[in-house]
Structures are given as structure tokens and as C-alpha cells.
Amino acid sequence: MPILLFLIDTSASMNQRTDLGTSYLDIAKGAVELFLKLRARDPASRGDRYMLVTYDEPPYCIKAGWKENHATFMSELKNLQASGLTTLGQALRSSFDLLNLNRLISGIDNYGQGRNPFFLEPSILITITDGNKLTSTAGVQEELHLPLNSPLPGSELTKEPFRWDQRLFALVLRLPGVASTEPEQLGSVPTDESAITQMCEVTGGRSYCVRTQRMLNQCLESLVQKVQSGVVINFEKTGPDPLPIGEDGLMDSSRPSNSFAAQPWHSCHKLIYVRPNSKTGVPVGHWPIPESFWPDQNLPSLPPRTSHPVVRFSCVDCEPMVIDKLPFDKYELEPSPLTQYILERKSPHTCWQVFVTSSGKYNELGYPFGYLKASTTLTCVNLFVMPYNYPVLLPLLDDLFKVHKLKPNLKWRQAFDSYLKTLPPYYLLPLKKALRMMGAPNLISDNLDCGLSYSVISYLKKLSQQTKLESERILASVGKKPPQEIGIKVKNHSGGGMSLTHNKNFRKLLKEIAGETALRLTELNTKEFAGFQIGLLNKDLKPQTYRNAYDIPRRGLLDQLTRMRSNLLKTHKFIVGQDEDSLHSVPVAQMGNYQEYLKTLASPLREIDPDQPKRLHTFGNPFKQDKKGMMIDEADEFVAGPQNKVKRPGEPNSPMSSKRRRNATVIHDGHEEKMENGQITPDGFLSKSAPSELINMTGDLMPPNQVDSLSDDFTSLSKDGLIQKPGSNAFVGGAKNCSLSVDDQKDPVASTLGTMPNTLQITPAMAQGINADIKHQLMKEVRKFGRKYERIFILLEEVQGPLEMKKQFVEFTIKEAARFKRRVLIQYLEKVLEKIDSHHLLNNISHINSRSS
């Protein structure tokens, strides 16, 4: 669960304005909100914890801590005001103390027992400041100093105020107050030259010098990528440099290697990624990184450790060792000059051993506890953490399984006992667990000794109790306002010393409010609050209770019974005593609190195919995808070619349901139009040049018979009358001399409708109602996502009225499709519209010819 702590500069200098007229503090608030939106794209953000700290005096500087939710965080962020001094050092110390509040209680640092990379609380501290001079009550400071004294017990066990899983990043605002005429420089954002830059680099972070709004957005995008689970380690070279490697990949001893000139890869201060387990969601490991001292029973106290362990690597090439069933930990290194140098050597089958100085009892450098090795594909460098002094242990275990068959002799036991003497005591328990996992016999005593004295253990327990009390005190002060400065008290002698309660008008007003006397409406100024009505006290209204059913008035029995039934049957959804209506009554300030909603959701399942690109989390539009920075709608993509999707029998407009309509012959104004293979004569709406198949929005093909029926219905229209169409419950236009012949005369329904007299008509009011319903259905169908267009064309068939009405509905559908970017649908509708216009033109020509003859 990553922790994101925002340290906002609230000094008076943050009131300065940019060329856009906004203050630095407003820009800082907007930057935090934009960061949260960018971070919300990652599904892992549902477990984020947000904290807010300012430059106020501790403990009032903590605006949102461990117990505050996201809504409180956003409320405190919006209410920040800039006033006071630039006390950056004190604010940083308070921020780190807040992050370290529970570490000693949870035992995550594991003092004196080795450093476990898989025990971590990954934290990102982002400070937004203007980079001005550091000021305090003592004056102006040239350098950044963090207070040494900390109210947190146990802070003396670590030399630095931060830990190895906490990194500091700084956004230093350098936006000009006057618009610049020079063109904006593109590229990476440089680091700032203020005092905070060095502090950022010490923790494993960096600073950003922000000069434009575009650079600010670029920095926020970069910071989102920095939210990684890992710990920072100092890698330093020990011994001589490795021999250079020639172009053929072999050692070239003729080329000189300068062991005295310091190279960038000799010392790196970088992160190792600690990936969570895919099943449990938390990191899992087996072996610690050794301490830089040998635990001894005679130690009166623990020596303070550095925040980042110093891991030394030897450049002597060794063979990577591993045996079956022995667990090991693998961590990927953050890209650095060291990883680049190792990858350029192109030696994926050799490794460099790593050590921690003074970790062994008889060796100053210590024994190797793992190695650095390039991946087989030469894409990254990994740190393998093995058991301490693994070059001695692994051959012993290999002989135990393969030679002795889990029945060791005396010589093997003596060698194993000699190895245990070189092992720090805190390695005994993980080694015992590893041997049990491998199926080896019990070779280590059950009475394990941690190596710490009784006084040290008692001291650590005492610190844990003190930390718990201090934690409660600090958390109780979160959200409280600092005490206001008490000014000069001036005694007021006016009024003759009479108290306010002795005032006659005041006592009368209290009685009116309490309802003891009638409210005097004549004295109220109703013009001051125009549009409001005065609510008088009604003593007949009594609060609703659930104690006595006889208290409920008769007219409210049904309403009360509904509420009681809702509370009884839906207790798993609502709070007891809360009905469904009041559940949705949420204050406006909490309506956008999507982070709290995310925390209540169950963890998503893993991807079936991890190689497939992941869909970004896009709240509000589930169809939005990240395609090279462009957000487009999936409906805009045109899927060409048949998909050969088989339609289930019984679906509307299936080939079986429209079988009788394929060979239909329509006689209109003396012209015969034969429909075959999805095409009709030019007199119809769909000419021979029209596509015989339509593609629906899911990539399916519209069968040719549906296109036939669509054009058949269009050509059967006339503006002179209304008749009912065979095989349909809708009414379509018809003429006095319009007849319909169907091949299959055995269908009783078709026979009945075919002999229906022309006098069967509907009124214009009925037609108007049918068209209104069709328009509503068309709007719903166009909004639907997918490429299934059949229903839209069916609705267009059922439009009542003359040909001009049909054209209006097609134009209306085109406008609706344009609203939702249904480009493929628009293409088909435009073709239909062209056929309607051509058919209308042919009718006009034939009408003119008939009149002229």
C-alpha cells in the first residue's frame, strides 16, 4: 500500500502571482489534484494512502494523517492559506516523523536482526515550494538543516530521519510573473539549484525546476511513474576493476584497466524493485540483507544504522550458484550507470558477489550473501539474495541430498557446524525454514538465539510502548487549528456593565425562538431575504420514533410500514434506520470521493494473458483507451470484411423469419420490381451498386434478405394512403392501385392481410403517436454501443406517413448518429437517403410524363 505524502509550502512567499494571475499556492493545489487524477489510472491506486503536511508549527502542520480519509484530505487541501515563514527543515522532519510513526510498533525495521526488503512501506514524499530563501524566527538560513531532536522514540536507532523505502521529490516553482517572449525549451526537466535538491538525491529522489505549466504537467507524469515498491541501496565497488571485454565477448588482458580513476558505476545510490506476490498482493521473501555489525550478547545497546545499507560488490567473475528447492530472492535494479556497465559487458552467465562490511565475525569484509547478474536477455540487472556465505552452504546441501541421501555422516555434520559459526544469529530461523521446505532433516536446534542481549530486547520493547503513546498524541492533534495570538484586551465600559442576558429585547428573542411566545412577523425585514418564507414553529410536529406503534398517525401508517420493511429486509445494504432515499442524500463535498469507493471494491482478478496490453482505468468512460496518447471511441473504428458470425434461430430478422419475403414482387405505379439476391431495379431505394451486405457494429454481417426486406418496405410506400404490411404489425403507406402478391399463399396470416380491403386506415393522430414512439426507440438504438444496426432499419421501416416523412426520420437518425460518432452507421443511412431522393425524383418525372401525355 503506497503512501503519498504531500508537503505544501504555505509560507507568505507562495502568494506571489504568475503571468496568468494565479498564485503559487493555487498552482500547488491544482498540481496535487492533477497528480491524483493521473495516479487513478493505475488499478493499484485503490490502495494508496494520502497525507498532507504544511509549514505550520508541529503538530498543527499535519492536516491529513493516518486516520483521515480522502474527503478530509481534499477538504484540507482546498482550505490551505499561505502565511508564515519558510521553515522547510522543520516541515521535512515532521513529515518523516509522521511516516515513521508506526514502524517501531510493527517491527518493520527489524533493528539488529537484518534488513528485510520485503518488509516495507513504500512512501513518496512530494514537496511543492517556490525555492526561496529558508527563513525562521532566528533569521535567514543559507543551508537546509533538519532538527536533530525528534519527539518520536527510537529515532536514535537510525542516523537519518528517513528510511530506505522513503524517497523525497521536490517541485520547485520558478514560473515568471511576466509572460516570456522566448520560445519554450523542449526536453527533460532539469534539477533545481536550491538547497532541497541535495536532500532529494540523498533519499533516492530528485528535484524538478518548473518554469512553465507544460513542464509542471510533464513532471507530474514523471512522478506518477516513480510510485514503485522498492528500497534504496548504496552499491559500491570493492577491489580492482574487471578486465575489459573485447568485441568477441572474451576477456582482453592487453587492454589496460584503470583501477584508480573513479567511474560513475563505482558508486550508485539506486532503488531495487520489490514486486508484490501475484497471489497474495504483498511482497514475499526469505533472506535478509545482513547488518553491518555482528550481534553479540555483550552489546549494551544497538549501534545506529544508516538508512540505506552499503552493499559492496566485487568485480571478480563467478559462476552463479543455485540448487533445487533452495529458496532465493530476486530483485531488479533501477536503471543506473552500474546496470548499464554490467549489461554492456554482455556476460549473462557470470555474476559479481556482494558483501556487507563487518557483517561477519571473523572477516572484515564479510562473506557473500548474494550476487549481481545480468538477465539472460540482457535487458536488466538483478540482485540475487541467497543465504549468508552461500558458496559454503550450497555444496554442503548438494552433498546432503545427492551423496548422503538425507543421512549425513559425522564429517558432514562437522563441516555444517563450522558453517553455522560463520552465520549471523538472525540467519538461523530463515535457514531452518528453508531446510524444512526442502525436506531436509532437522539440523538446527529449536532453541534459537537472536544474538541480542536481554537489555537490548527490553529497550526495544520499551521504545515500542512509548511510540504507541506518542502516536496516539500526534494523531489526536491532527486537524486542530493552531492557537490564535492573544492581542491587547480592551475593557468595554459602555452599557453600564449590564450583561447581555439582562437585556429585555434579548430575553424576548430567546422566548420567541424557544416557542414560548408568538413570533412577531411585523418586525421582520422580509425584503432582506427575498424569495424565502419564514418557517413558524409547529408544536404539533413530533419526532418519529420506533418505540411505540400507536404513536404513528393513521395517515402515516403506510409510509412508516414501507420504511420498516425496507430496514428489515435490506439491512445488509443500508444502515439500520436508514431508507433507500436517504442513502443517496450525500453532501456535495463528498460526491466526488471516488477513492473511498475504490477501497470498498474487491481486488481485480489477474489477467489471463499478461502479454496483452492492459486497459487503463478510465472512470466515467469505459470505452476510452490509451492509443499513443489519443483517446478515441471504439465506435469510430471501421471493421471491414465479413466476420461470419452465426445468428441463433428465432432471432428477429433471421434468414428463417424473412424467408417468405425474399421472392416478393412489388407492383407500384405499373412498374414491376423483382427482388433477387439482395438487389432491386433502380426504381427502388437500394440499387445494384449498393452493397448486398451491411456490417453491424459487432462486426457481424447483415444478411442479404434483411437488405431485401428493407428496400421492399421502402418501395411499397406511397403518399396517398395507409395499409398494413404483410408479416408486420405496423402500418405502411399504400396507394389506391397498390397490390401485393406473395408466393406462399398457404400462410393464413399473409392470406388474410393480403385480402384486407383498402378501407382499413388509421387516423393521423394514431400515426403521429406511432412515429413519436419510433423516434424515441431510434434515439435509444443509436446510443447503444456495438455495430448491430438491424433494429434501426426495422424501426425506419415502420415509420407512418408519406415518403417525405420517411426522409425526415432518416435525416433525424443521421443527426443522432453524428452526435455519438457512429460513422459507419452514417454511411449506410446516407446511401438510403440517396435512394429515397432518387425514388422521389423518378416519381416526379413519371408524374410529369403522365400529365403531358
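Residue numbers run consecutively from 1 along every chain, following the written order of its sequence. In keeping with the model being predicted, local features are shown solely for residues with a pLDDT of at least 70 and side-chain atom pairs are shown and tallied solely at 80 or more, while totals for entire chains, interfaces and linings include all residues. Computation of side-chain values: all heavy atoms of the structure, hydrogens and water removed.

So, the overall build of the protein
Counting from the N terminus, the helices are DSSP H or I runs at least four residues long and the strands are E runs at least two residues long. For the protein, the helix and strand inventory stands at 21 helices and 22 strands. Each residue gets one of three labels from its accessible area relative to the maximum for its type: buried under 20%, exposed over 50%, partly exposed in between, using a 1.4 Å probe on protein chains only. Taking all 853 residues of the protein together, 42% fall into the buried category. Sequence separation of 24 or more characterises 73% of the internal contacts of the protein that already satisfy a separation of 6 or more. A total accessible area of about 49800 Å² is found for the protein, and carbon and sulfur atoms account for 54% of it. Contacts are assigned to residue pairs with any non-hydrogen atoms lying within 4.5 Å of each other. Each accessible area value is a Shrake-Rupley result obtained with a 1.4 Å probe; residue values ignore everything except the protein chains displayed when judging cover.

Considerations on the nonpolar core
Definition of nonpolar core: a set of buried residues of the types Ala, Val, Leu, Ile, Met, Phe, Trp, Tyr and Cys, connected through side-chain atoms within 4.5 Å. Phe235 and Phe416 are the most contacted members of the largest nonpolar core, which totals 56 residues. Per-element tally for this core: the top contributor is helix H8 (residues 390–402), with six residues. Beyond its immediate sequence surroundings of up to four residues, Phe416 is in contact with Leu393, Leu396, Leu435, Leu443 and Ile444. Grouped together as the second largest cluster of nonpolar side chains are 38 residues, Phe6, Ile8, Leu36 and Leu220 included.

Some words on the packing of aromatic side chains
Here the aromatic set is Phe, Tyr and Trp, taking the six-membered ring for Trp, and pairing holds for ring centres within 6.5 Å; pairs whose planes are under 30 degrees apart are stacked, those over 60 apart are edge-to-face, and all others are tilted. Taken as a whole, this structure holds 19 aromatic pairs when the rule is applied. Ring plane angle 70 degrees and centroid distance 5.0 Å describe the contact between Phe118 and Phe119, whose orientation is recorded as edge-to-face. Within the aromatic cluster, the residues linked to one another by ring pairs are Phe6, Phe35, Tyr50 and Phe73. Sitting over a ring, as applied to charges here, requires NZ of Lys or CZ of Arg to be within 6 Å of the ring centre and within 35 degrees of the ring normal. One cation-aromatic arrangement involves Arg206 over Tyr208; the distance from NZ or CZ to the ring centre is 4.0 Å. Its guanidinium or amino end placed over the ring of Phe809, Lys775 lies 5.8 Å from that ring's centre, counting from NZ or CZ.

Topic: the pairing of strand E2 (residues 49–53)
Taken across its five residues, E2 has four buried, putting it largely inside the fold. Relative to E2, strand E1 (residues 3–8) runs parallel, the two being bridged by five bridges. Along E2, the bridge assignment pairs Leu5 with Met51. When the strands point away from the viewer and the connection leading from the first strand across the helix to the second strand turns clockwise, the crossover is called right-handed. Chirality of the crossover, the property in question, places the unit of E1, helix H1 (residues 24–39) and E2 among those that are right-handed. Paired strands, in this sense, are two strands between which DSSP finds at least two bridges. With two bridges joining them, E2 and strand E3 (residues 62–64) adopt antiparallel strand pairing.

Digging into helix H19 (residues 790–797)
Along H19, seven of the eight residues are buried, which leaves the element largely enclosed by surrounding structure. Of the positions making up H19, those classed as buried are Glu790, Ile792, Phe793, Ile794, Leu795, Leu796 and Glu797.

Some points on the sheet that holds strand E12 (residues 329–333)
As summarised here, the arrangement of the seven strands in space is E9-E10-E12-E15-E14-E13-E11, forming a closed barrel in which the pairing is mixed. Ignoring strand direction, the axes of neighbouring strands in this sheet form an average angle of 35 degrees. As paired elements, strand E11 (residues 310–314) and strand E13 (residues 352–355) share two bridges and run antiparallel to each other. For Phe313, the partnering residue across the bridge sits in E13 and is Val354. With axes taken as lines fitted to C-alpha atoms, and helix axes fitted only over the stretch in contact, angles between N-to-C directions fall between 0 and 180 degrees.

Quick look at the pattern of salt bridges
A pairing counts as a salt bridge when a side-chain nitrogen of Lys or Arg comes within 4 Å of a carboxyl oxygen of Asp or Glu. Overall, the coordinates contain 18 salt bridges when judged by the stated rule. Where Arg163 meets Asp109, a salt bridge forms, and the shortest distance between an N and an O atom there is 3.6 Å. Of the two residues, Arg163 is situated in the loop between strand E6 (139–141) and strand E7 (166–173) and Asp109 in the loop between helix H4 (103–106) and strand E4 (123–129); the sequence distance between them amounts to 54 residues. For Arg163, a relative accessible area of 8% corresponds to the buried category. Taking the relative accessible area as the measure of exposure, Asp109 reaches 8% and is therefore buried. Taking the shortest distance from any N to any O, the salt bridge between Arg305 and Glu291 comes out at 2.4 Å. Separated by 14 residues along the polypeptide, Arg305 in the loop between strand E10 (267–273) and E11 and Glu291 in the loop between E10 and E11 bring together distant segments of the chain.

What to know about a nonpolar patch on the surface
Two joining distances apply to patches: 9 Å for like charges and 5 Å for nonpolar side chains (Val, Leu, Ile, Met, Phe, Trp, Tyr), and every residue must have over 30% relative accessible area and no salt bridge. A cluster of nonpolar residues, Val586, Val588 and Met591, forms a patch on the protein surface that exposes about 310 Å² of accessible area. Locating Met591 in the fold gives a position in the loop between helix H14 (580–583) and helix H15 (594–600). Judged by relative accessible area, which is 58%, Met591 ranks as exposed.

Describing the sheet that holds E2
Reading across from one edge, E3-E2-E1-E4-E7-E8 is the order of the six strands in this open sheet, with mixed pairing throughout. Here the strands that pair on one side only, and so sit at the sheet edges, are E3 and strand E8 (207–210). Within the sheet, the average angular offset between the axes of one strand and its neighbour, ignoring direction, is 20 degrees. The strands touched by H1 within the sheet are E1, E2, E4 and E7, with E1 carrying the most contacts at an inclination of about 170 degrees. Across the sheet, helix H5 (residues 196–203) lies against E4, E7 and E8, angled at about 155 degrees from E7, the strand it touches most.

Some words on the packing of H1 against helix H2 (residues 70–78)
Between H1 and H2, the least distance of the axes is 10 Å, while the angle of their chain directions is 155 degrees. With respect to each other, H1 and H2 are oriented roughly antiparallel. Considering how the two elements wind past one another, H1 and H2 form a crossing that is left-handed. Where H1 abuts H2, its residues Lys29, Val32, Glu33 and Leu36 lie against His70, Phe73, Met74, Leu77 and Lys78. In terms of residue class, the contact of H1 with H2 is built from five nonpolar, one polar and three charged. Working definition: roughly parallel below 35 degrees, roughly antiparallel above 145 degrees, roughly perpendicular at 65 to 115 degrees, and oblique for all remaining angles. Crossings are classed by handedness, with left-handed meaning an anticlockwise turn of the near helix from the far one by less than a right angle and right-handed meaning a clockwise turn. Charged means Asp, Glu, Lys or Arg here, nonpolar means Ala, Val, Leu, Ile, Met, Phe, Trp, Tyr, Cys or Pro, and polar covers whatever is left, Gly included.

Looking at the environment of Trp352
Its location among the elements puts Trp352 in strand E13. With relative accessibility at 4%, the residue Trp352 sits in the buried group. Once the C-alpha coordinates of Trp352 and Leu372 are considered, the two residues, 20 residues apart in sequence, prove to be 5.1 Å apart. We call two N or O atoms a polar contact when they sit within 3.5 Å, provided that within protein one can donate a hydrogen and the other can accept it, with sequence-adjacent residues counted only if both atoms are side-chain atoms. Only 2.8 Å separates the side chain of Trp352 from the side chain of Asp317, close enough to count as a polar contact.

Points about the state of the cysteines
Working definition: a disulfide is two cysteine sulfur atoms within 2.5 Å of each other. In the structure shown here, the tally under the stated rule is zero disulfides. The thiol of Cys219 is not disulfide-bonded; the next cysteine sulfur, from Cys209, is found 8.9 Å away. On the basis of relative accessibility, which here comes to 1%, the residue Cys219 falls in the buried class.

Quick look at the environment of Cys61
Mapping Cys61 onto the fold places it in the loop between E2 and E3. We classify Cys61 as buried; its relative accessible area is 1%. Measuring from C-alpha to C-alpha, the distance between Cys61 and Val478 comes to 8.1 Å, with 417 residues separating the pair along the chain. Apart from residues lying up to four places away in sequence, Cys61 is in contact with Leu52, Val53, Thr54, Asp56 and Ser94.

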